[in-house]
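# Inside the fold
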Amino acid sequence: MINSLYLKNWKIHSEKDFTFSPGINVLVGNMGSGKSSILQAISFSLFGTFMELKKRDVTQQEIITRNSGASFAEAKIKISSGKEKYIIQRKINEKGTNEAVARTSEGKLIAGPNPTSANLFVENFLKANDEIFFRTAYCVQNNIDAIVKYSPKERKEKTDELMGLDKFDKARNNCIKLRNQLLKRKAEFEKIVSELNIEEIKKEHDELIKEKEAIKSQEVSLKSGLEKLKEREKMILKSHSRLREKADFVQKKSERKELLEEELGRISEKLAGASFDKSKEEFLKELNKVKESIPEKNKLIESLEIEKESKNQQLLEIEREQIELESKKKDLAEKMDNIKELKEKILEYNIKDLNAELEETKARRKEIEKQFNSLSVKISEEKNHLVELEKADSLCPTCSRELSEMTKNELISEKKRAISENLQQQSQIKDELSQLEKREEMLEKIFKENREGLEDISKEEFYKDELMKIHLKIEEIISKKNSLKSEFESTAKKRQDLKQEIETLNGKREYLIEKIRLFELKDREIEVNKNLQELEEILREKNDILSNLAAAEREKEKTANEIQEAKTRLEGFENLISEKEKRISNLERELSQNEKYLGEIKALERQTKFLEEFRVALSETQKSLRDELILTVNEMMDSIWSQLYPYEKWQSVRLFVDENDYILQMKNLDGDWLKVSGYASGGEKMLAALAVRIAFSRVLAPNLGLLILDEPTHNLDDKAVETLVEIIKTRLSDIIEQVFVVTHDERLAEAGNNIIRL
């Protein structure tokens with residue numbers, strides 16, 4: 001039983017709590033009041049879905065209350081069965097993720113937060129899934145008597161689906177498809193086997209094995225001969241290697257002799273005409289003195305180089321200082337020229353003191369502006385008085401005295417004269433003001449353009465003194481620079497003289513070294529002659545060694561040719577054996593494949609036989625289950641009918657199983673079974689269909705003591721509505737533990753034990 005339902009952000013229900021009771025619960029409200037969304041919430045709370053969601057007419061995001069800013073929707077349902085009480089809570093997030101938990105009434109978690117875990121708990125508790133719930137307990141609009149309205153084919157399909165018997169049809173069809181595929185495959189294997197000539201393959205296989213053995217026997221003999229040739233080759237190579245070493249040794253000595261003879265010739269050329277006026281020791285002693293003197297001279301050059309670099313650095317610093325002073329001198333000279341030009345420019349405009357004259361001009365302009373503004377006010381007042389005088393009749397507008405025509409005319413003339421004089425004076429002031437503005441503008445322009453120059457005028461004497469100091473400093477630097485140049489040139493000359501001395505010493509050193517080398521060449525000449533005599537002794541055996549080596553080369557080449565010939569023949573045998581083995585392998589593979597095909601054919605025969613037996617078993621099992629289920633449903637309908645139908649016209653109701661239909665029949669007083677669609681009234685059809693639905697619910701989901709009727713009066717006439725109200729009020733609560741009726745029809749409210757108005 002469903003005890004209560006709590007909704008938050010669920011469609012139009014921002015936050016609602018509904019309490020339900022056993023018996024008849026009627027939800028009454030106009031269209032759009034949220035009745036259907038409550039039924040959807042009950043379905044979703046139990047099974048995680050509802051019809052519109054399964055059909056994708058509604059998305060999960062559309063469940064969340066629109067324009068509320070909410071990011072989730074929540075539904076919490078409390079259910080019970082006897083002493084067992086549980087709370088199922090589900091949450092939909094705006095990103096499409098779901099959460100679901102199942103708890104005991106004390107709050108202990110028993111499933112979740114994974115929705116699948118919660119679904120399994122509910123299905124185990126109710127012993128029913130969402131499909132059974134929607135097909136039996138949940139009646140949508142115009143669907144109570146759907147079983148009567150369906151065509152025979154639709155009624156057969158939907159009833160089989162409800163009882164799960166459609167799975168047998170699918171399994172049987174799959175058996176037939178699979179059996180046909182296996183038979184096709186068996187025929188293919190049989191065709192392949194029939195095309196293979198197994199006897200010819202076996203005969204060729206045996207002949208190839210005999211040929212291979214004969215070739216292998218020849219191969220063994222050839223390998224034995226090859227091994228003997230290889231042993232002989234090893235001995236020849238060993239002897240050849242020793243002779244080659246001797247020949248190489250003699251060749252090297254011969255090449256050495258040629259090199260020594262060439263060297264002796266070069267030495268003789270160099271010693272030709274050489275004189276030895278001093279001993280080698282005397283030349284060495286003189287060379288050592290020269291070598292000792294050169295480093296000393298180089299040290300002096302390095303010292304002078306450092307001194308030269310120092311002088312050069314000082315010159316660079318002085319020149320840098322001179323350049324800076326010349327730059328400052330140039331800047332000061334430019335400033336003095338600018339001061340001179342500015343003074344001449346100011347004199348052109350007859351200006352003695354620019355700042356004073358600018359301030360005086362500004363002050364005079366402000367004074368003239370005040371006079372001009374004062375005259376403007378006065379002229380305006382005079383004009384107003386003139387207008388009032390011209391409009392006046394007999395009284396003066398100023399003093400309210402009597403005013404004659406003559407006096408009025410005199411006053412008007414006097415006012416016009418005064419206005420004319422003031423206008424003339426104002427024009428003169430305006431001209432003077434214009435001249436002052438032009439003068440002020442000119443002075444401002446001169447001041448802006450020569451702001452820095454004006455500042456420099458006050459520093460003219462300071463610039464003159466600075467210019468004189470720089471001039472004296474430059475003369476002092478030039479004198480110092482000339483002195484350093486003289487010192488630099490003197491140091492450079494000393495360094496050049498020392499370099500000249502070192503060059504002379506280097507020449508003498510080369511001369512002495514050459515003399516010493518002549519002594520060394522003479523010693524080398526004696527040594528080379530000695531080495532040549534030794535080589536002559538060694539080279540006397542050269543011809544015999546080379547002759548023996550040539551004979552060994554010929555023997556080596558002959559043996560190598562014989563080995564190569566044997567290898568070539570052996571390779572031919574190996575290739576022939578390999579070809580025979582490949583062919584034998586192919587034939588054996590064909591024989592093996594044939595055996596495999598024969599095994600496959602036998603296996604396929606067993607499989608097709610099993611599938612045919614299985615198909616027959618499925619048909620028999622389906623029929624047996626259908627008969628048992630329909631018998632149980634009919635027994636339940638017979639029991640329900642006696643409680644549901646308040647009249648005597650029809651004794652019972654049943655489903656009659658036809659080959660292509662489940663025919664809903666009612667039993668009359670004579671004991672005859674007649675079709676409901678042909679003999680029953682609209683109300684009787686609805687009762688019969690309701691009995692079928694309740695019976696299936698009791699049989700397929702015995703723990704689901706629940707019936708939901710969504711707008712059951714839709715398209716019913718008044719009499720049918722009265723019958724339905726009477727049945728709900730007096731009969732249904734005795735058959736079903738808890739009934740939910742959703743309606744906009746107030747007549748159904750009187751049938752409820754618990755009425756909820758929306």
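Further up the page is the structure itself.
Scope of this entry: the structure provided in the associated data block. (Residues numbered from 1 in each chain as written. Predicted model: local features only at pLDDT ≥ 70, side-chain atom pairs only at ≥ 80, totals over all residues. Heavy atoms only, no water.)

### Regarding the overall build of the chain
When its secondary structure is counted, the chain shows 17 helices and 14 strands. Over its C-alpha atoms the chain spans a radius of gyration of 67 Å, topping by over 25% the 27 Å that the globule rule assigns to 758 residues. Partitioning the contacts of the chain with sequence separation of at least 6, the portion at a separation of at least 24 is 74%. If you sum the accessible surface of the chain, you get close to 46,700 Å²; carbon and sulfur atoms cover 48% of it. (Helix = DSSP H or I, 4+ residues; strand = E, 2+ residues; numbered from the N terminus. Rg over C-alpha atoms; globule rule 2.2 N^0.38 Å. Contact = heavy atoms within 4.5 Å. Areas by Shrake-Rupley, 256 points an atom, 1.4 Å probe, with all protein chains shown as cover.)

### Notes on the nonpolar core
Counting residues in hydrophobic clusters, the biggest one holds 107 residues, and the most contacted among them are W10, I42 and L732. Top element by residues in this core is helix α14 (residues 542-644). It accounts for 12 residues. When residues no more than four places from it in sequence are discounted, the contact partners of I42 are I2, L5, F20, I77 and F740. Among the nonpolar cores identified, the runner-up in size contains 12 residues, and F283, V290, I502 and L505 belong to it. (Core = buried A, V, L, I, M, F, W, Y, C linked by side-chain atoms within 4.5 Å. Buried < 20%, exposed > 50% of the residue type's maximum accessible area, 1.4 Å probe, protein only.)

### With respect to the side chain of N93
With respect to the element layout, N93 can be found in strand β5 (residues 84-93). Given a relative accessible area of 17%, N93 falls into the buried group. For N93, the residues in contact, after removing those within four places along its chain, are I64, S71, F72 and E99.

### Quick look at the pattern of salt bridges
Summed over all chains, the structure comprises 18 salt bridges. Linking E432 and R364 is a salt bridge whose minimum nitrogen-to-oxygen distance equals 2.7 Å. Taken together, the residues E432 in helix α11 (residues 405-449) and R364 in helix α10 (residues 354-391) connect sequence positions 68 residues apart. A relative accessible area of 28% places E432 in the partly exposed class. When salt bridges that share partners are traced, they join K54, D130, E131 and R135 into one network. (Salt bridge = Lys/Arg side-chain N within 4 Å of Asp/Glu carboxyl O.)

### Description of a negative patch on the surface
Together, D331, E334, D337 and E341 make up a region of like negative charge exposed at the surface. Positionally, E341 belongs in helix α9 (residues 280-348). (Patch = residues over 30% accessible without salt bridge, like charges linked within 9 Å, V, L, I, M, F, W, Y side chains within 5 Å. Lys, Arg positive; Asp, Glu negative; His and termini not counted. Charge placed at Lys NZ, Arg CZ, Asp CG, Glu CD.)

### Structural notes on the sheet that holds β5
If you trace the six strands from one edge of the open sheet to the other, you get β2-β1-β4-β5-β6-β7, paired in antiparallel fashion. Strands at the two margins of the open sheet, each flanked by one partner only, are β2 (13-19) and β7 (109-111). Ignoring which end each strand starts from, the neighbouring axes of this sheet average 20 degrees apart. Looking at chain direction, strand β1 (residues 2-10) and strand β4 (residues 72-81) are connected through six bridges and run antiparallel. Bridged to L5 within β4 is I77. Across the sheet, helix α1 (residues 35-47) lies against β1, β2, β4, β5 and β6 (98-104), angled at about 105 degrees from β1, the strand it touches most. Packing of helix α3 (residues 115-126) onto the sheet brings it into contact with β4, β5, β6 and β7, and relative to β5 it is tilted by some 150 degrees. (Pairing = 2+ DSSP bridges. Axes fitted to C-alpha atoms, helices over the stretch in contact; angles between N-to-C directions.)

### A short note on the environment of V739
Inspection of the secondary structure assignment puts V739 in strand β13 (residues 738-743). For the pair formed by V739 and E635, sequence separation is 104 residues and the distance between their alpha carbons is 22 Å. Apart from residues no more than four positions distant in its own chain, V739 is found in contact with G23, I24, N25, L707 and L732.

### A few points about the packing of helix α4 (residues 130-137) against helix α16 (residues 682-700)
Helices that pack against each other are described as a pair by the angle of their axes relative to one another and the distance between those axes. Where α4 contacts α16, the axes come no closer than 8 Å and their chain directions differ by 150 degrees. Comparing their axes, α16 and α4 come out roughly antiparallel. Residue-level contacts link I132, F134, R135 and T136 of α4 to R693, F696, S697 and L700 of α16. Across the contact of α4 with α16, the residue classes break down as four nonpolar, two polar and two charged. (Parallel < 35°, antiparallel > 145°, perpendicular 65-115°, else oblique. Nonpolar A, V, L, I, M, F, W, Y, C, P; charged D, E, K, R; others polar.)

### Considerations on the pairing of β2
When β1 meets β2, the two strands line up antiparallel, connected through six bridges. By the bridge assignment, K8 is partnered in β2 with E15. Here β1 folds back onto β2, and the loop between the two strands holds two residues, one of which, K11, carries a positive phi near 55 degrees.

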